[in-house]
Amino acid sequence: MKKKSNETSEQPTVLRRPAPGVFVPFLWGSGFVVLSAGLWKIGPIIADGYNVLLPYGFSVVLLLLGLTTIWSSIYQLALRRIPAATIHLPSHRFHLGSGNIVSLVQPGKSNLSRLRLRLLCIEQKTTWHKRASHQPDGQVESYTTTKETILHQQTLVEVTDLHVDEGAEWEKTESFSIPTDAHPSRDGNSTSIEWRLELSGKGLGFLSFLHSFEIQVSR
């Protein structure tokens with residue numbers, strides 16, 4: 001009888017640039033604008049002899065917040081016109097010191113002034129702090145702060161002035177190695193090591209995007 005192997009073959013991994021949200025930010029922005037208009041109209045009535053500048057000030061703040069949120073949704077809608085790039089990996093795990101392969105695929109129709117894929121190693125240090133609570137009982141509450149430090153970074157793929165026709169695909173495959181003295185992925189209570197693939201691009205005009213994907217790196 002043949003023994004079953006304990007090793008399982010790693011499946012290829014495809015990482016896709018997420019589609020930006022549009023509908024929810026637009027609803028929030030419209031709601032802020034409506035609240036601003038309502039507060040501007042009934043604010044003096046609510047103030048009833050008090051400082052009427054206060055409701056007017058809140059109305060202006062809500063208006064600016066609403067317009068900013070609506071502009072964000074319009075920006076995201078324009079960004080959706082750039083087809084999502086995909087990152088193809090033989091597996092979801094890289095290895096220190098050995099050869100690794102990554103492929104970046106950008107479908108058309110696309111016009112990008114820059115497209116870049118970087119590999120980053122981030123050290124995350126979590127520190128616990130204590131402070132006195134504002135409650136009458138004077139209890140001590142705990143909270144944490146996290147500091148991130150880049151330990152290693154390398155550019156895997158970078159291209160400028162990329163123009164891809166409708167229905168076509170641009171693909172770039174690169175082989176690379178990670179230094180053997182780099183830190184593998186590690187989760188810890190106070191110190192963690194996280195590896196990320198960072199995909200960034202800049203379209204024509206003001207459009208740009210930046211997305212990170214966590215991966216595993218082992219020895």
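Residues numbered from 1 in each chain as written. Predicted model: local features only at pLDDT ≥ 70, side-chain atom pairs only at ≥ 80, totals over all residues. Heavy atoms only, no water.

Caption draft 1: Quick look at the sheet that holds strand β3 (residues 93-95). Strand order across the open sheet formed by five strands is β3-β9-β8-β5-β6, with mixed pairing between neighbours. Of all strands in the sheet, those bounded by a partner on one side alone are β3 and β6 (140-164). Strand-to-strand, the axes of this sheet are offset by a mean angle of 35°, without reference to chain direction. In this sheet, β6 lies alongside strand β5 (residues 110-132) in antiparallel orientation, the contact comprising 22 bridges. Each residue of the ladder has a partner; that of Thr-126, found in β6, is Thr-146. (Pairing = 2+ DSSP bridges. Helix = DSSP H or I, 4+ residues; strand = E, 2+ residues; numbered from the N terminus. Axes fitted to C-alpha atoms, helices over the stretch in contact; angles between N-to-C directions.)

Caption draft 2: Quick look at the sheet that holds strand β2 (residues 86-89). Taking strand neighbours across the sheet as the criterion, the four strands line up as β1-β2-β4-β7 in an open arrangement whose pairing is antiparallel. On the outer flanks of this sheet lie β1 (13-16) and β7 (169-177), each paired with one strand and no other. The mean angle between the axes of side-by-side strands here comes to 20°, regardless of whether they run parallel or antiparallel.

Caption draft 3: Representation of the pattern of salt bridges in the model. Under the criterion given, the structure shown has four salt bridges. Between Arg-196 and Glu-148 there is a salt bridge, and its shortest N-O distance comes to 2.9 Å. Of the two residues, Arg-196 sits in strand β8 (residues 191-203) while Glu-148 sits in strand β6, which places them 48 residues apart along the sequence. Overall, Arg-196 belongs to the buried group, its relative accessible area being 17%. Overall, the relative accessible area of 44% leaves Glu-148 in the partly exposed class. Among the salt bridges present, the one from Lys-172 reaches Glu-174, with a minimum N-O distance of 3.5 Å. Glu-174 gets classed as partly exposed once you look at its relative accessible area, which sits at 24%. (Salt bridge = Lys/Arg side-chain N within 4 Å of Asp/Glu carboxyl O. Buried < 20%, exposed > 50% of the residue type's maximum accessible area, 1.4 Å probe, protein only.)

Caption draft 4: Expanded view of the packing of aromatic side chains. Here the structure, examined in full by the defined rule, presents one aromatic pair. Summarising the aromatic geometry, the rings of Phe-94 and Phe-176 are spaced 5.3 Å apart at their centres and angled 80° between planes, so their arrangement reads as edge-to-face. Residue Phe-94 is located in strand β3, and its partner Phe-176 is located in strand β7; the two are separated by 82 residues in the primary sequence. The class of Phe-94 is buried, set by a relative accessible area of 3%. Given the relative accessible area of 11%, Phe-176 is considered buried. (Phe/Tyr/Trp six-rings, centres within 6.5 Å; stacked < 30°, edge-to-face > 60°.)

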